[in-house]
Amino acid sequence: MKVLLFGRTGQVGSALAEQAVAPVVLQSLHRVDVDLADSSAIDRVIRQAQPDVVINAAAYTAVDAAESEPDQAYQVNAKAPGVMAQACLECQALLVHYSTDYVFDGRGRQPYVEDSPTGPTGVYARSKLAGEVAVMAAGGQAIILRTGWVYSHDGRNFLHTMLRLAESGVPLSVVADQVGAPTYAPDLATATWKIIDRLQAQSNTSTLRILHATNHGEVSWHGFASALFERLGRNDVVVEAITTAMYPTAAPRPAYSVLSNDRLDKEFGVRLPSWEDGMMRCLDRLRTAKP
Ligand SMILES: NC(=O)c1ccc[n+]([C@@H]2O[C@H](COP(=O)([O-])OP(=O)(O)OC[C@H]3O[C@@H](n4cnc5c(N)ncnc54)[C@H](OP(=O)(O)O)[C@@H]3O)[C@@H](O)[C@H]2O)c1
């Protein structure tokens, strides 16, 4: 199975590449190979590769910077996925594309299902929703995996920021009124490969759907940080709870962005582990990676 991966340097992209095993023959690309600002290059590389599957793990993910760079965000997050979807349609390839919990406005209090009304509140979120629309509009075989609060043992993310700030010895102030599901990139990668396996095994290839894929459970950023230091036995680290209003950011964040994974479970038999389990394995990996 020939798989073309965009975004191999990212958290999810590198986890996907690490887990790729036969019969997958992986061609992974990053910005130097194809800049997602270049639509014709995207189209060309897909047509040349003639893959069975294209995975788009590349995105403009700088949520706050997107507020002042909307054109770049829309090019990468909305236009590029549309070009990929069109090229996949013509090559009869399956496109697996990632989207975000931030497509919801966050005013819900129950896990969002795939058909819940969207209501993105910032440029990044709107650009990602526009990407979903562009992929759906192309009408080929595509799976859009909405995920959230992604972190990994490498990459820039909340977990690493907390570990770094803890070294400064000052109390940490962490937002307690935003709730989501921290998702360990390798768990999302494992789920992605399972979905692809299942779809490739099916003879009916009329696939076009959105699926939610996050680690199981929910927690606030403050709860996540507290659990992290508790697990590390770092009683010396003080984690103060603050409100979103006390930590202003350029882009608004949804207060509640937990995604129901029931469809993924029912249709594919795929269930991601709990966020606590993902966090523990991430910490284990960091510990064993140390010289
Ligand atoms: N991170 C989260 O919390 C989160 C939450 C919900 C959904 N998601 C979605 O999950 C997916 C994967 O996210 P992630 O956390 O793995 O992202 P990430 O670590 O920020 O990686 C993004 C990838 O996209 C590449 N990229 C960005 N702009 C590009 C361009 N113009 N041309 C080519 N490549 C470009 C980056 O390349 P460089 O290394 O060269 O910059 C990198 O490989 C994305 O669709 C994201 O929107 C993420």
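Our subject is the structure listed above.
Residues numbered from 1 in each chain as written. Predicted model: local features only at pLDDT ≥ 70, side-chain atom pairs only at ≥ 80, totals over all residues. Heavy atoms only, no water.

1. So, the pairing of strand β3 (residues 53–56)
Successive residues of a regular strand alternate their side chains across the two faces of the sheet. Burial of β3 is two-sided: the residues V53 and I55 facing one way and the residues V54 and N56 facing the other way are all buried. As judged from the four bridges shared by strand β1 (residues 2–6) and β3, these two strands associate in the parallel manner. Its bridge partner lying in β3, L4 is registered against V54. Bridging between β3 and strand β4 (residues 94–100) involves four bridges; their strand directions are parallel. (Buried < 20%, exposed > 50% of the residue type's maximum accessible area, 1.4 Å probe, protein only. Helix = DSSP H or I, 4+ residues; strand = E, 2+ residues; numbered from the N terminus. Pairing = 2+ DSSP bridges.)

2. Describing the side chain of E132
The topology assignment puts E132 in helix α4 (residues 123–138). Here E132 falls in the buried class, since its relative accessible area comes to 4%. If we skip the residues at most four places from it in the chain, E132 touches S99, V103, I144, R146 and I210. (Contact = heavy atoms within 4.5 Å.)

3. A word on the site of the ligand
As a structural note, the neighbourhood of the ligand is formed by 23 residues, with T9, R31, T61, Y124 and K128 the closest of them. Within the backbone of V12, a nitrogen or oxygen atom sits 2.9 Å from an oxygen atom of the ligand. One of the side-chain nitrogen or oxygen atoms of D35 is found 2.9 Å away from a nitrogen atom of the ligand. Within the complex, the protein chains bury 82% of what would otherwise be the 900 Å² of accessible surface of the ligand. When residues in the shell around the ligand are grouped by element, the largest group, three residues, is from β4. (Near = heavy atom within 4 Å. Polar contact = N/O pair within 3.5 Å; in protein donor to acceptor, adjacent residues only side chain to side chain. Areas by Shrake-Rupley, 256 points an atom, 1.4 Å probe, with all protein chains shown as cover.)

4. Observations concerning the environment of G106
Here G106 shows up in the loop between β4 and α4. Exposure remark for G106: the relative accessible area of 1% places this residue in the buried category. With 74 residues separating them in the primary sequence, G106 and G180 have C-alpha atoms 9.7 Å apart. Ignoring sequence-local partners within four residues, the contact set of G106 consists of Y112, P254, A255 and Y256.

5. Details of the nonpolar core
Residues F6, I42, I46, F224 and M279 are the most contacted members of the largest nonpolar core, which totals 59 residues. Among the elements that line this core, the one with the most residues is helix α3 (residues 70–91), at nine residues. When residues no more than four places from it in sequence are discounted, the contact partners of M279 are Y151, L159, F224, A227, L228 and R231. If you look at the next biggest cluster of nonpolar residues, it comprises 28 residues, including V12, L145, A189 and L211. (Core = buried A, V, L, I, M, F, W, Y, C linked by side-chain atoms within 4.5 Å.)

6. A closer look at the side chain of R146
Inspection of the secondary structure assignment puts R146 in strand β5 (residues 142–147). A residue is classified by how much of its surface remains accessible, and R146, at 2% relative accessible area, is buried. Here H212 takes part through its side chain, which lies 2.9 Å from a polar atom of the side chain of R146.

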